[in-house]
Amino acid sequence: MGKKKHSLLVKGLVAAGGYVAANAVGVKLRYDKVMKEMEQTAGNHQMYSVMFGKQNVDVHKDTVKSYLTCTNGSMTVKLEEAPESGELTLDLCTVLGKITILLPPGAAIDYNVTGSMEKFSDMRADGDAEKSYTVHIIGKSVLSEIVIDGIAGQ
């Protein structure tokens, strides 16, 4: 009986190690793709990544595109002011994570994230307010939650 328990423990450890290694390879491949895209396009770009933890991200008003990778963690993305260009693209890649996007009033959301078993919520109270800029949310999401909310006090 002791040998079977040991065998199951070893199998579990091997599976967990494989899962972590697969995530690390996925993040590295995304990093290489993003770096190549950033070199080929103009404008201010930002890239943030979190794995097994929490991260707070401030997106600057002169940013054109932000690349956000969240694996087994949570990320809070905050845009203090409307983008100068009138548009902002958030390129997400999240697996078993949660990304909360905090926006000032007046944002129109263009949501085009593909994935499986993903949950999207728009919790903002300014539903019918005039839209002065657009936030494009693109990318991939697996077993994750993406929440749009307003900034408290604005």
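First, a word on scope: everything that follows refers to the structure included in this document. Since we're looking at a predicted model, the values are computed, not measured. (Residues numbered from 1 in each chain as written. Predicted model: local features only at pLDDT ≥ 70, side-chain atom pairs only at ≥ 80, totals over all residues. Heavy atoms only, no water.)

Side note on the sheet that holds strand S9 (residues 133-142)
Taken together, five strands build an open sheet; the order of strands is S1-S3-S5-S9-S7 and the sheet is parallel. With one partner strand each, in any of the chains shown, strand S1 (44-51) and strand S7 (107-116) form the two edges of the open sheet. The average angle at which neighbouring strand axes cross in this sheet is 10°, direction not considered. Pairing analysis gives nine bridges linking strand S5 (residues 87-95) to S9, with the strands arranged parallel. Bridge pairing links Asp 91 to Ile 138 in S9. (Pairing = 2+ DSSP bridges. Helix = DSSP H or I, 4+ residues; strand = E, 2+ residues; numbered from the N terminus. Axes fitted to C-alpha atoms, helices over the stretch in contact; angles between N-to-C directions.)

Brief notes about the nonpolar core
Taken as a class, soluble globular proteins show a tendency for nonpolar side chains to be buried jointly. Of all hydrophobic cores here, the largest spans 22 residues; its most connected members are Met 75, Val 77, Leu 90, Leu 92, Ile 101, Leu 103 and Ile 137. When near neighbours in sequence (up to four residues on either side) are disregarded, Leu 90 contacts Ser 66, Leu 68, Ile 101, Val 135, His 136, Ile 137 and Ile 138. (Core = buried A, V, L, I, M, F, W, Y, C linked by side-chain atoms within 4.5 Å. Buried < 20%, exposed > 50% of the residue type's maximum accessible area, 1.4 Å probe, protein only. Contact = heavy atoms within 4.5 Å.)

Quick notes on the environment of Ser 144
In this fold, Ser 144 is placed in the loop between S9 and strand S10 (145-150). Residue Ser 144 is classed as buried on the basis of its relative accessible area of 5%. Along the backbone, Ser 144 and Gly 115 are 29 residues apart, and their C-alpha atoms lie at a distance of 9.0 Å. When near neighbours in sequence (up to four residues on either side) are disregarded, Ser 144 contacts Thr 94, Val 95, Leu 96, Gly 97, Met 117, Glu 118 and Lys 119. Of the polar contacts made by the side chain of Ser 144, one reaches the backbone nitrogen of Gly 97; its length is 3.1 Å. (Polar contact = N/O pair within 3.5 Å; in protein donor to acceptor, adjacent residues only side chain to side chain.)

Section: the pairing of S10
Each regular strand displays side chains that alternate between the two surfaces of the sheet. For strand S6 (residues 98-103) and S10, the ladder comprises six bridges, and the chain directions are parallel. The residue of S10 that forms the bridge with Ile 99 is Ile 146. The pairing of strand S8 (residues 119-122) with S10 spans four bridges and is classified as parallel. Looking at the pairing, Ser 121 lines up with Val 147 of S10.

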